Amino acid sequence: MNAETKHPREESAKARLDRMPSIRTGDDYVDSLRNRGVTVYLFGETVAEPVDNPMIRPSINALKATYDLAISDPDLATAHSPIIDAPVNRFLHIPTSSEDLVTKNRMQRRMGQITGTCFQRCAGLDTVSVLHSITYDIDQKHGTAYHRRFLDFLAAAQRANIIIGAGMTDPKGDRSKRPHEQADPDMFLHVTRRTERGIYVTGAKAHMTGGLNSHWIAVMPTMNLGEEDSDYAVVGLVPGDAEGISYIYGRQSCDARAFEAGEIDKGNARFGGQETLTVFDDVFIPWEHVLMDGEYEFAQEMVSRFTAYHRASYVCKTGLGDVMVGAAAAIAEMNGAEKASHIKDKLVEMVHLNETIFSSGIASSHEAKPLPSGAWMNDSMLSNVCKHNVTRFPYEISRMAQDIAGGIVVTLPSEADFEHEIAGPILKKYMKGKDDIPVEHRQRMLRLIENMTLGRNAVGYLTESLHGAGSPQAQRIQIARQMDAEGKKKLARDLAGIRD
Ligand SMILES: Cc1cc2nc3c(=O)[nH]c(=O)nc-3n(C[C@H](O)[C@H](O)[C@H](O)COP(=O)(O)OP(=O)(O)OC[C@H]3O[C@@H](n4cnc5c(N)ncnc54)[C@H](O)[C@@H]3O)c2cc1C
Ligand code: SF4
């Protein structure tokens, strides 16, 4: 069968991506998502055009900002790719030095400052980074051709400048059981059949960040696997609009405010995050896009490498932390409380916690080492420490921001009431803080704090900080694995003068 007669399902990534106009600006990106015909469920209905949906659009805007940053600050958000020998968006660049990873962290912090939410593009970057090395290692052991397939895909992806979504987390069913032990085999995505031309997979990927906003999805195992789980040891690259894929949109606290008139009560009207349950119903993946099929012994290492990258990527939350500190300082001024010593001290504490997160993440990048494939990988201990800090400190920072804001952060009447003929003037009188500050400014700042600590972007600032890239216990397991208690005991015994 030649390229012209190939069924679209079998079309190579290169052919498909070469046909796609290369995305340069944020507006190009938004246009690229139109008319894809993807099946999306939201509020019990299918969404005709996600790009124009008021609840979905803020999440698209956050990704759009990754393209705009590459134009406004190319030193930060682009890099030279040796794979295509050209500059590429840093969100598609395989790190080839510790400096690459450090700059990536700085870019992530900047993106967090700009959007105040999860900008959804790092999970895909960390996935391609780990695929670079893991496909290389599998080939070395098994004589497979995964690395070459991966490089072909990545070269086309870099040229087209696409978004890649990361589908790692399976629904998992009964957590005490392995994939092959589950009553329903689809609780983990798995290969259902193999043909001469490729494989078919069924299952779902949960909580997928920016799932619907991605052009391609990389699916991969979520945990270590044994021989009986071989059919679950699958890595594949799939177009986001492939036949058999559907998306069920995740709700977020206060999300229905997106449909209200006015923008103040939205807190952050422009930007939001997105997670979907992404369902794979007998989805075909041609061999060219299969990067693991049955090599179960690499699943654990793949997850470990992914988390080494991704848990340091959580420095993104320090950008949101910068916004939170700014909001707390601003509301203190608006309330006339900024000179109180305990307020100043709380702001210092917030900054201390935020910078502690950044220190561990960026240290993990500075300590990166090369892998046999040539990709550089974060120091795993420090990246796990970074993510573990992230599971706690944003909650403490948010608590202090709410403390400084006052109870009005949760009792503020609606924007519509501020505009009401009778209630409006009353509210504008009683909701005033300092005389020289417009009431609307106070309203907006309170709504932003509400948005990030209780509303839509509390997903991106808080609960994603807790569970994204693995719940807290997952980091403690990694820290325990690497803590070298025996080595440390030896240090103590030597100094204590204990000889065996
Ligand atoms: C906002 C957000 C964005 C995310 N984005 C992505 C993404 O883009 N791609 C992706 O692949 N994943 C993504 N994730 C998934 C994330 O990695 C998972 O949420 C995380 O791994 C926890 O899995 P779970 O949510 O199924 O929790 P559960 O597995 O239900 O865990 C709940 C609790 O039970 C504990 N637990 C679970 N199993 C066991 C066990 N066997 N033994 C002992 N304790 C156990 C956990 O430690 C935790 O405390 C995202 C998650 C969130 C919340
Ligand atoms: S949680 Fe942070 S690291 Fe992960 S995709 Fe969102 S912004 Fe990027």
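Residues numbered from 1 in each chain as written. Chains lettered and ligands numbered in written order. Predicted model: local features only at pLDDT ≥ 70, side-chain atom pairs only at ≥ 80, totals over all residues. Heavy atoms only, no water.

1. Side note on the site of ligand 1
Reasoning step 1: Surrounding ligand 1, one finds 19 residues, the nearest of these being Ala 166, Met 168, Thr 169, Lys 172 and Thr 209.
Reasoning step 2: At 2.6 Å, a side-chain N or O of Thr 169 approaches a nitrogen atom of ligand 1.
Reasoning step 3: Protein contacts shield 64% of the accessible area of ligand 1, which totals 960 Å² for the unbound molecule.
Reasoning step 4: At the level of elements, β5 (164-167), β7 (198-209) and α17 (458-467) are the ones that each hand at least two residues to the shell around ligand 1. (Near = heavy atom within 4 Å. Polar contact = N/O pair within 3.5 Å; in protein donor to acceptor, adjacent residues only side chain to side chain. Areas by Shrake-Rupley, 256 points an atom, 1.4 Å probe, with all protein chains shown as cover. Helix = DSSP H or I, 4+ residues; strand = E, 2+ residues; numbered from the N terminus.)

2. Concerning the UniProt feature "domain: HpaB/PvcC/4-BUDH C-terminal" (unreviewed entry) in the protein chain
Reasoning step 1: Here the UniProt feature "domain: HpaB/PvcC/4-BUDH C-terminal" (unreviewed entry) sits at residues 299-497.
Reasoning step 2: Counting secondary structure, residues 299-497 comes out at 75% helix and 2% strand; the distance between its end C-alpha atoms is 43 Å. (UniProt positions renumbered as here; feature names shortened; annotations may be inferred.)

3. Some words on the packing of aromatic side chains
Reasoning step 1: Inspection of every chain in the model, using the stated rule, returns six aromatic pairs.
Reasoning step 2: An angle of 70 degrees between the planes, with centres 6.1 Å apart, marks the rings of Phe 91 and Phe 119 as edge-to-face. Within this pair, whereas Phe 91 is found in the loop between β4 (86-89) and α5 (98-115), its partner Phe 119 is found in the loop between α5 and α6 (122-142), the two being separated by 28 residues in sequence.
Reasoning step 3: Across from the ring centre of Phe 358, 4.6 Å away, lies the NZ or CZ of Arg 109, which sits over that ring.
Reasoning step 4: A cation sits over an aromatic face here: Arg 121 above Tyr 67, 4.5 Å from the ring centre. (Phe/Tyr/Trp six-rings, centres within 6.5 Å; stacked < 30°, edge-to-face > 60°. Lys NZ or Arg CZ within 6 Å of the ring centre and 35° of its normal.)

4. Thoughts on the pairing of strand β8 (residues 216-219)
Reasoning step 1: Side chains Trp 216 and Ala 218 of β8 all project onto a buried face; the interleaved residues Ile 217 and Val 219 project onto the opposite face, where all are buried too.
Reasoning step 2: Bridge count between β5 and β8: four bridges; the pairing is parallel. Bridge assignment links Gly 165 to a residue of β8, and that residue is Ile 217.
Reasoning step 3: As paired strands, β8 and strand β9 (residues 234-239) are joined by four bridges and run antiparallel to one another. Bridging from a neighbouring strand, Trp 216 pairs with Pro 239 of β9. (Buried < 20%, exposed > 50% of the residue type's maximum accessible area, 1.4 Å probe, protein only. Pairing = 2+ DSSP bridges.)

5. Considerations on the nonpolar core
Generally speaking, nonpolar side chains in soluble globular proteins are found buried as a group.
Reasoning step 1: Formed by 60 residues in total, the largest nonpolar core has its most connected members in Leu 17, Leu 131, Phe 150, Phe 153, Ile 162, Ile 164 and Met 302.
Reasoning step 2: If we ignore the near neighbours within four places in the chain, the residues touching Leu 131 are Phe 150, Ala 218, Val 235, Leu 237, Leu 291 and Met 302.
Reasoning step 3: Judged by nonpolar contacts, the second largest core, of 45 residues, contains Ala 332, Ala 405, Leu 448 and Tyr 461. (Core = buried A, V, L, I, M, F, W, Y, C linked by side-chain atoms within 4.5 Å. Contact = heavy atoms within 4.5 Å.)

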